Amino acid sequence: MATSPSQFRARVVDNRPLHGGYFVLTLQGPMAPRPLDGVIPGQFVMLRGDWGRDLINPRAFSVLDASDDGRFSVLLKAYGRGTTRLCHAPEDEMLTVTGPLGRGTFDAPTVDGPTQLLVAGGVGLPPLHLQARRAAAAGLASRVELLYGGRDADDLVLLSDLDAWGIAVHLATEDGSRGDRGFVTVPLSRRIERAQARGEAVCILSCGPTPMLRAVRALGLAQGVPTALCLEEEMACGFGVCLGCAVPVYGPKPYAYCCTDGPVFDAREVRWS
Amino acid sequence: MTAAPRPAASLPLGGVDLSCRFGPLTLPHPVMTASGCFAYGQKFAPFMDLRQLAGLSTKGISPRPRPGNPLPRICETAAGMLNSIGLENVGAEAFLSEKLPFLADLGVSVWVNFFGEDADEYVQCARMLDAGHQRGIDVLEMNISCPNIKKGGIEFGTVPEVAHALTKRCVEATRIPIVVKLSPNAADLPAMAQAVADAGAMGVSLINTITGMAIDVRTRRPRLATTYGGLSGAAIKPIALRMIHQVHRAVPELPICGMGGVGSGEDALELLMAGASCVQVGTANFARPGGALEIRDELRALMAELGIARVAEVIGCVEPLPPEPAWAPAPPDAEASR
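Residues numbered from 1 in each chain as written. Chains lettered and ligands numbered in written order. Predicted model: local features only at pLDDT ≥ 70, side-chain atom pairs only at ≥ 80, totals over all residues.

## Some words on the overall build of chain B
Then, number 1: Across its full length, chain B carries ten helices and 16 strands.
Then, number 2: For 338 residues, the compact-globule estimate of 2.2 N^0.38 gives 20 Å, and the C-alpha radius of gyration of chain B, at 21 Å, lies within 12% of that figure.
Then, number 3: If you line up chain B on its principal axes, its C-alpha atoms span 75 × 50 × 40 Å.
Then, number 4: With 338 residues in all, chain B has 53% of them scored as buried.
Then, number 5: The contacts of chain B with a sequence gap of at least 6 include a subset with a gap of at least 24, amounting to 74%. (Helix = DSSP H or I, 4+ residues; strand = E, 2+ residues; numbered from the N terminus. Rg over C-alpha atoms; globule rule 2.2 N^0.38 Å. Buried ≥ 20, exposed ≤ 12 C-beta atoms within 10 Å, placed from the backbone. Contact = placed C-beta atoms within 7 Å.)

As structure tokens, then:
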């Protein structure tokens, strides 16, 4: 488990535009101690620039990577005013960071455990990208596979990393410009069928837009495949105080919290129609 | 006409005494944290030394636990945010057994915000929380202003006679002093303040969030599941100042705990000058979990710069601007203007 969260300042050392409107924002955090040491795939940070009084709350981002030199990165795409500002954050801008946040995280793959099908879409790639990176570093590249969907070929980023790590990748685009035509559930259904035909144990770890997660959840539940969903909900604080990021769940209480109970939830637990 | 007060010479930081009084309470400084923005305190322990706060107001407590509202519950708006959390809380019993011991150990002023779904529940809650008398609870902050409950809540916060009767019953139900958190949605706030003061309230807190709405034009749906929610943050500070000023003018002996968009030491000083005896920091805690103590430090520095030695000097000190000379069709002659 990573250390308890702290709030610290970090400097933008790189804000690299990818295609499709994505950016990889790399920040230099403090060195002693390094706040994100031991960050687990699924954990996130809250980021805010010195934005004055207008944009009052920080924005949540899943950690894409954190390295020994105190640097860490997130994947950005401009959706609203906060993300737009972050996409334009110049080198040397100072941001306020709170993290690492989130207790519910993805389980690491094991040698004899099920094959982990990492199902990603859009800005939901980071926790799965980090999961794949960690798997490869542990010599378990063959235990994870990435299934990645987007609107078009431009919407699929950072694929060369997966190639370099030797991770199998299945792609889908809505316009058919790369991989299967359709949603990521197309290659996912096929992969599950293949697993079932040969008696291979698989599980799903997924992060992406909520409509995609709903479809992945439905498929996982229908096929009896253990499914973990990394959710995104609007949140003001990230550490369990604002109670804005409630997630409807089954169980003794009707709601759990994306920030402190998640962001990763068992698909069976999530109370979605 | 009195001359505008001239800025006094600056003081060293050590020359500023931040201690202040709120009715019978003595606080080490005027900066507390606000209900609904500080949970039950523990979650801020990684970010700040909680013992340095003047005090805190807990999440609103009801007699029984409440699960809260459907999603979405929050959305950010220009210089503020809307919320409709639905007063989710652990309930009075669990609060007393699980949350209060931690708070009592902090040695700060613990204000327990509470509410009920009807008058009897308010009284029941005050009676249950009375168990915290001299066991850590300094104040019961009676919330008659949350926009996010449905049953009858509106009249408690907007009709002086109803607020008076409810306050009186709660005051009689507990030995702990009651501070009433008034609704900014009331038409006549000074009348509300007078009504609860007459009923035995030790002070008032103002303001709670202001009912608002946001719309997603793409989906043609409200941005909150409950359509309306409470607006907080910098956007509401001018309204807080106006209301604190009005209530302080109308009922000067009634202590006011001010809140509404406090995000800096200057904001805090503005609220004090409008008439608040202490302030609570709310929404700013989300982005800056250690922010309340930074605001205290900023307040100290600003008071030093302005030559203000004690908090009591500035409470309600704001004076009207001097009037301009009366209009006349021609300028006064040189003799008269000299």
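## A short note on the overall build of chain A
Then, number 1: The helix and strand tally for chain A stands at five helices and 16 strands.
Then, number 2: Overall, chain A is about 55 × 45 × 35 Å in size when its C-alpha atoms are taken along their principal axes.
Then, number 3: Residue burial in chain A is summarised as follows: out of 273 residues, 49% are buried.
Then, number 4: For chain A, long-range pairs separated by at least 24 residues make up 63% of all intrachain contacts whose partners lie at least 6 apart in sequence.

## So, the sheet that holds strand S4 (residues 59-62) of chain A
Residues and elements named next belong to chain A.
Then, number 1: Strand order in the open sheet formed by seven strands is S4-S3-S7-S1-S2-S6-S5, and the pairing between neighbours is antiparallel. In this open sheet, the two edge strands, each paired with only one partner strand, are S4 and strand S5 (65-66).
Then, number 2: Here strand S1 (residues 6-17) runs beside strand S7 (residues 94-101); their pairing, made up of six bridges, is antiparallel. Bridge pairing links Arg11 to Met94 in S7.
Then, number 3: Across the sheet, helix H2 (residues 125-137) lies against S4, S5 and strand S6 (71-77), angled at about 140° from S6, the strand it touches most. (Pairing = 2+ DSSP bridges. Axes fitted to C-alpha atoms, helices over the stretch in contact; angles between N-to-C directions.)

## Remarks on the sheet that holds strand S8 (residues 115-121) of chain A
Residues and elements named next belong to chain A.
Then, number 1: Read from one edge of the open sheet, seven strands run S11-S10-S9-S8-S12-S13-S16, paired in mixed fashion. Edge positions in the sheet fall to strand S11 (180-181) and strand S16 (264-266), since each of these pairs with one other strand and no more.
Then, number 2: Looking at chain direction, strand S9 (residues 144-150) and strand S10 (residues 168-173) are connected through six bridges and run parallel. When the bridges of S10 are listed, Tyr148 appears paired with Leu171.
Then, number 3: Relative to strand S13 (residues 227-230), helix H5 (residues 210-223) is tilted by about 170°, and along the sheet it contacts S8, S9, strand S12 (202-207) and S13.

## Side note on the packing of helix H5 (residues 189-198) of chain B against helix H6 (residues 237-250) of chain B
Residues and elements named next belong to chain B.
Then, number 1: At a closest axis distance of 9 Å, the pairing of H5 and H6 adopts a crossing angle of 55°. Considered as vectors, H5 and H6 are oriented oblique to each other. As H5 runs across H6, the sense of the crossing is right-handed. Only Met243, Gln246, Val247 and Ala250 of H6 make contact with H5, whose side of the interface consists of Leu189, Pro190, Ala193 and Gln194. (Parallel < 35°, antiparallel > 145°, perpendicular 65-115°, else oblique. Left-handed = near helix turned anticlockwise from the far one by under 90°.)

## With respect to the interface of chain A and chain B
Then, number 1: Residue-level contacts link 26 residues of chain A with 30 residues of chain B.
Then, number 2: Elements supplying a minimum of two residues to the side of chain A that touches chain B: S1 and strand S14 (246-248) of chain A.
Then, number 3: Looking at the side of chain A that touches chain B, its residues break down into 13 nonpolar, seven polar and six charged. (Nonpolar A, V, L, I, M, F, W, Y, C, P; charged D, E, K, R; others polar.)

## Here's the deal with the environment of Pro5 of chain A
Then, number 1: Here Pro5 of chain A is to be found in the segment before S1.
Then, number 2: Here Pro5 of chain A falls in the buried class, since 23 other C-beta atoms lie within 10 Å of it.
Then, number 3: Residues Pro5 of chain A and Gly124 of chain A lie 119 residues apart in sequence; the distance between their C-alpha atoms is 22 Å.
Then, number 4: Contact partners of Pro5 of chain A, with chain neighbours within four places excluded, come to Thr98, Gly99, Pro100, Leu101 and Phe239 of chain A together with Pro46 of chain B.

## Description of helix H7 (residues 265-274) of chain B
Residues and elements named next belong to chain B.
Then, number 1: Burial analysis of H7 places eight of its ten residues in the buried class, which makes it a mostly covered element.
Then, number 2: Regarding H7, the residues found buried are Asp267, Ala268, Leu269, Glu270, Leu271, Leu272, Met273 and Ala274.
Then, number 3: Gly275 occupies a position one or two residues after H7 and carries a positive phi of about 135°.

## With respect to the environment of Ser73 of chain A
Residue and element names in this part refer to chain A.
Then, number 1: The residue Ser73 is located in strand S6 in this model.
Then, number 2: With 48 residues separating them along the chain, Ser73 and Leu25 place their C-alpha atoms 5.4 Å apart.
Then, number 3: If near-sequence neighbours (up to four positions away) are discounted, Ser73 is found in contact with Val24, Leu25, Thr26, Leu64 and Asp65.

## Brief notes about the pairing of strand S16 (residues 278-281) of chain B
Successive side chains on a regular strand alternate, one facing one side of the sheet and the next facing the other.
All names here are of chain B.
Then, number 1: Neither face of S16 is left uncovered, since the one carrying Cys278 and Gln280 and the one carrying Val279 and Val281 both have all their residues buried.
Then, number 2: Both strand S3 (residues 31-33) and S16 contribute to a ladder of three bridges, which runs parallel. Bridge pairing in S16 links Met32 to Gln280.
Then, number 3: With three bridges connecting them, strand S15 (residues 256-259) and S16 associate as parallel partners. Within S16, the residue paired with Cys257 across the bridge is Cys278.

## Observations regarding the pairing of S1 of chain A
Residue and element names in this part refer to chain A.
Then, number 1: One ladder, built from six bridges, connects S1 with strand S2 (residues 22-28); its direction is antiparallel. Paired with Arg11 across the two strands is Gln28, which belongs to S2.
Then, number 2: Hairpin geometry of S1 and S2 is characterised by an intervening segment of four residues between the two adjacent antiparallel strands and by a positive phi of about 70° at Gly20.

## Section: the packing of H7 of chain B against helix H9 (residues 291-305) of chain B
Residues and elements named next belong to chain B.
Then, number 1: For the pair H7 and H9, the least separation of the axes is 7 Å and the interaxial angle reads 70°. If you check the angle between H7 and H9, you find them roughly perpendicular. Handedness of the H7/H9 crossing: right-handed. Contact residues: H7 offers Gly265, Glu266, Ala268 and Leu269, while H9 offers Ile295, Glu298, Leu299, Ala301 and Leu302.
Then, number 2: Residues belonging to the contact of H7 with H9 are distributed by class as follows: six nonpolar, one polar and two charged.

## So, the confidence of the model for chain B
Then, number 1: Per-residue confidence for chain B gives a mean pLDDT of 94; residues scoring 70 or more make up 94%.
Then, number 2: The complex model carries a pTM of 0.92, and its ipTM stands at 0.89. (pLDDT = per-residue confidence, 0-100.)

## Things to note about unusual backbone geometry
Then, number 1: Following Ala32 of chain A, the chain continues into Pro33 of chain A via a peptide bond in cis, with omega recorded as -5°.
Then, number 2: Looking at the element boundaries, Pro33 of chain A is found in the loop between S2 and strand S3 (44-48).
Then, number 3: Cis peptide bonds are those with omega within 30 degrees of zero, and the linkage from Gly262 of chain A to Pro263 of chain A qualifies with 10°.
Then, number 4: Positive phi is not limited to glycine here, since Thr227 of chain B has a value of about 70°.
Then, number 5: With respect to the helices and strands, the residue Thr227 of chain B is situated in the loop between strand S13 (221-222) and strand S14 (228-232).
Then, number 6: Judged by the 12 C-beta atoms lying within 10 Å of it, Thr227 of chain B falls in the exposed class.

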